[in-house]
Amino acid sequence: MKYAVTGATGHLGRLAVEALLERGVAPADVVALGRDTAKLDDLADRGVQVRRADYDDRASLDAALAGVDRVLLVSGTEFGRRVEQHTAVIEAARAAGVALLVYTSSPNADTASYTIAQEHRGTEQALAASGLPHVVLRNGWYLENYTAQLPVYLEHGIVGAAGDGRIAAAARPELAEAATVVLIGEGYAGQVLDLGGPAFTLTELAAEVSAASGRDVTYTDLPEAQLVEVLLGAGVPEPMAKALGDSDADAARGALYLEPTDLEKVLGRPATTMPEAVRAAL
Ligand SMILES: NC(=O)c1ccc[n+]([C@@H]2O[C@H](COP(=O)([O-])OP(=O)(O)OC[C@H]3O[C@@H](n4cnc5c(N)ncnc54)[C@H](OP(=O)(O)O)[C@@H]3O)[C@@H](O)[C@H]2O)c1
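Predicted, not measured: the structure shown is a model, and the values here were computed from it.

Novice: Would you mind showing me how to read the pairing of strand E5 (residues 100–105) here?
Specialist: On any regular strand, side chains alternate: one points to one face of the sheet, the next to the other face. Counted residue by residue, E5 has 6 buried out of 6 residues, so it is predominantly covered. Here E5 shows a buried face lined by Leu100, Val102 and Thr104 and a second buried face lined by Leu101, Tyr103 and Ser105. The sheet contact formed by strand E4 (residues 70–73) and E5 spans 4 bridges and is parallel. Within the sheet, the bridge partner assigned to Leu73 lies in E5 and is Tyr103. Considered for its hand, the β-α-β crossover made up of E4, helix H4 (residues 82–95) and E5 is right-handed. Both E5 and strand E6 (residues 134–139) contribute to a ladder of 5 bridges, which runs parallel. Within E6, the residue paired with Tyr103 across the bridge is Val136.

In structure tokens form, the structure reads like this:
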């Protein structure tokens, strides 16, 4: 059985490739896909098959998926272009006779209004229309989105627009592990899994950073437009700043909340909590 992972040059894809190898899949049965295969040379040296796959280049996708049985489609990064890009991967997978495609979606993608959810919803619809056996992983926000900001939090405090909304963030390596369990497992086809960790509010995040660091870190809730201004001022590109602003605002309405049960079930253990992640990162 051959397993392909798209986006293997990125964080989640790379972690998924490593998780496949750790679970005993032979390197020759793992196909690591990326736009820039030079970033995958070390995997090729370990016997992993490395192939070029650009979501904008259908011929590259057809060649990359030849002989592949199951695909982990890691969602791309180009806002506004992703439904078209992901649909190209889905069509190539169907043409190649792939038996299962696992897709990384986002929280409550079927109902939520935040911008990022729209493209995931579009991709989920394309998958449903394709007839290809598939699994939708509605991945929670990464805990790393928050722990990467710890130096900023310690200096300036936490700002957001999420109010008291609970955010079911999960550790990225655990989301990669879960994707791998589903990819090589049986009985998941047709399922939508909510892969979220134990949820917290940004006020609770601030309290935890304070307790763990011994510093006084507060959470300031801003109107969405003001949060977008802060992000633009920090150098975040406009489409990303707007998307982050409206996802935070939608989090206040519960859009980033997920029950933690699916992730725990797939991992076979409790997921990493926000306090554990904060303390480890500090
Ligand atoms: N849950 C969250 O909090 C969260 C946060 C950020 C992103 N995401 C989503 O989850 C995905 C995986 O997260 P990550 O941390 O691994 O992101 P990442 O490190 O930015 O990796 C994104 C991957 O997508 C690939 N990619 C982008 N456009 C492509 C294209 N046109 N053709 C082929 N490959 C393409 C990138 O390739 P290159 O190396 O060539 O750029 C890279 O391998 C992201 O792409 C995004 O959709 C989720």
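That was the structure; now back to the text.
Novice: Quick question: what am I supposed to make of the pattern of salt bridges here?
Specialist: Between side chains of opposite charge, a pair can form when the charged atoms approach closely. Tallied over the full model, the rule gives 22 salt bridges. The partner of Arg23 in a salt bridge is Glu177, and the shortest N-O contact between them spans 3.2 Å. One end of the pair, Arg23, is in the loop between helix H1 (11–22) and strand E2 (30–34); the other, Glu177, is in helix H8 (residues 172–184), with 154 residues separating them in the sequence. Since its relative accessible area comes to 42%, Arg23 is described here as partly exposed. Owing to a relative accessible area of 17%, Glu177 belongs among the buried residues under this scheme. Ionic pairing is found between Arg269 and Glu177, a salt bridge with its closest N-O pair at 2.8 Å. Of this pair, Arg269 sits in the loop between helix H12 (261–267) and helix H13 (274–281) while Glu177 sits in helix H8, and the two are 92 residues apart along the sequence. A residue is classified by how much of its surface remains accessible, and Arg269, at 34% relative accessible area, is partly exposed. Through salt bridges with shared partners, a single ionic network connects Arg35, Asp56, Glu78, Arg81 and Glu84.

Novice: Would you mind showing me how to read the UniProt feature "domain: NmrA-like" (unreviewed entry) in the protein here?
Specialist: On the UniProt side, "domain: NmrA-like" (unreviewed entry) is annotated at positions that read residues 4–245 here. The annotated region residues 4–245 carries 45% helix and 15% strand content, and the separation between its end C-alpha atoms amounts to 34 Å.

Novice: Got a minute to help me understand H13 in this structure?
Specialist: Think of an α-helix as 3.6 residues a turn; residues three or four steps apart then line up on the same face. Listed as buried for H13 are Met274, Ala277 and Val278. For H13, the buried positions fall inside an angular range of 100° around the axis, keeping them on one side. Looking at the buried residues of H13, the elements they touch are helix H6 (143–147), helix H7 (150–156) and helix H9 (202–213).

Novice: How should I be thinking about the site of the ligand in this particular structure?
Specialist: Surrounding the ligand, one finds 22 residues, the nearest of these being Thr9, His11, Leu12, Ser75 and Gly76. Note that a nitrogen atom of the ligand is positioned 3.5 Å from one of the side-chain N or O atoms of Asp54. Burial of the ligand by the protein chains amounts to 81% of its free accessible area of 880 Å².

Novice: Explanation requested: the packing of H9 against H13 in the structure shown.
Specialist: Pairs of packed helices are described in terms of their axes, by the angle between the two and the distance that separates them. The N-to-C vectors of H9 and H13 enclose an angle of 40°; their axes lie 10 Å apart at closest approach. As summarised for this structure, H9 and H13 are arranged oblique, according to the angle between their axes. Where H9 crosses over H13, the handedness of that crossing is right-handed. Seen from H9, the contacting residues are Glu204, Leu205, Glu208, Val209, Ala211 and Ala212; seen from H13, they are Met274, Pro275, Val278 and Arg279. A per-class count over the contact of H9 with H13 returns 7 nonpolar, no polar and 3 charged.

Novice: Just to check I follow, could you spell out the packing of aromatic side chains for this structure?
Specialist: Pairs of aromatic rings are described using the distance from one ring centre to the other and the angle between the two planes. Enumeration according to the criterion identifies 2 aromatic pairs in this entry. For the ring pair Tyr114 and Trp141, a centre distance of 5.7 Å and an interplane angle of 90° mean the geometry is edge-to-face. Of the two residues, Tyr114 sits in the loop between E5 and helix H5 (115–130) while Trp141 sits in the loop between E6 and H6, which places them 27 residues apart along the sequence. Here the two residues Tyr114 and Trp141 agree in accessibility, since each one is buried.

Criteria and thresholds
- Residues numbered from 1 in each chain as written.
- Predicted model: local features only at pLDDT ≥ 70, side-chain atom pairs only at ≥ 80, totals over all residues.
- Heavy atoms only, no water.
- Buried < 20%, exposed > 50% of the residue type's maximum accessible area, 1.4 Å probe, protein only.
- Helix = DSSP H or I, 4+ residues; strand = E, 2+ residues; numbered from the N terminus.
- Pairing = 2+ DSSP bridges.
- Right-handed = clockwise from strand over helix to strand, strands pointing away.
- Salt bridge = Lys/Arg side-chain N within 4 Å of Asp/Glu carboxyl O.
- UniProt positions renumbered as here; feature names shortened; annotations may be inferred.
- Arc of directions from axis to C-beta.
- Contact = heavy atoms within 4.5 Å.
- Near = heavy atom within 4 Å.
- Polar contact = N/O pair within 3.5 Å; in protein donor to acceptor, adjacent residues only side chain to side chain.
- Areas by Shrake-Rupley, 256 points an atom, 1.4 Å probe, with all protein chains shown as cover.
- Axes fitted to C-alpha atoms, helices over the stretch in contact; angles between N-to-C directions.
- Parallel < 35°, antiparallel > 145°, perpendicular 65-115°, else oblique.
- Left-handed = near helix turned anticlockwise from the far one by under 90°.
- Nonpolar A, V, L, I, M, F, W, Y, C, P; charged D, E, K, R; others polar.
- Phe/Tyr/Trp six-rings, centres within 6.5 Å; stacked < 30°, edge-to-face > 60°.

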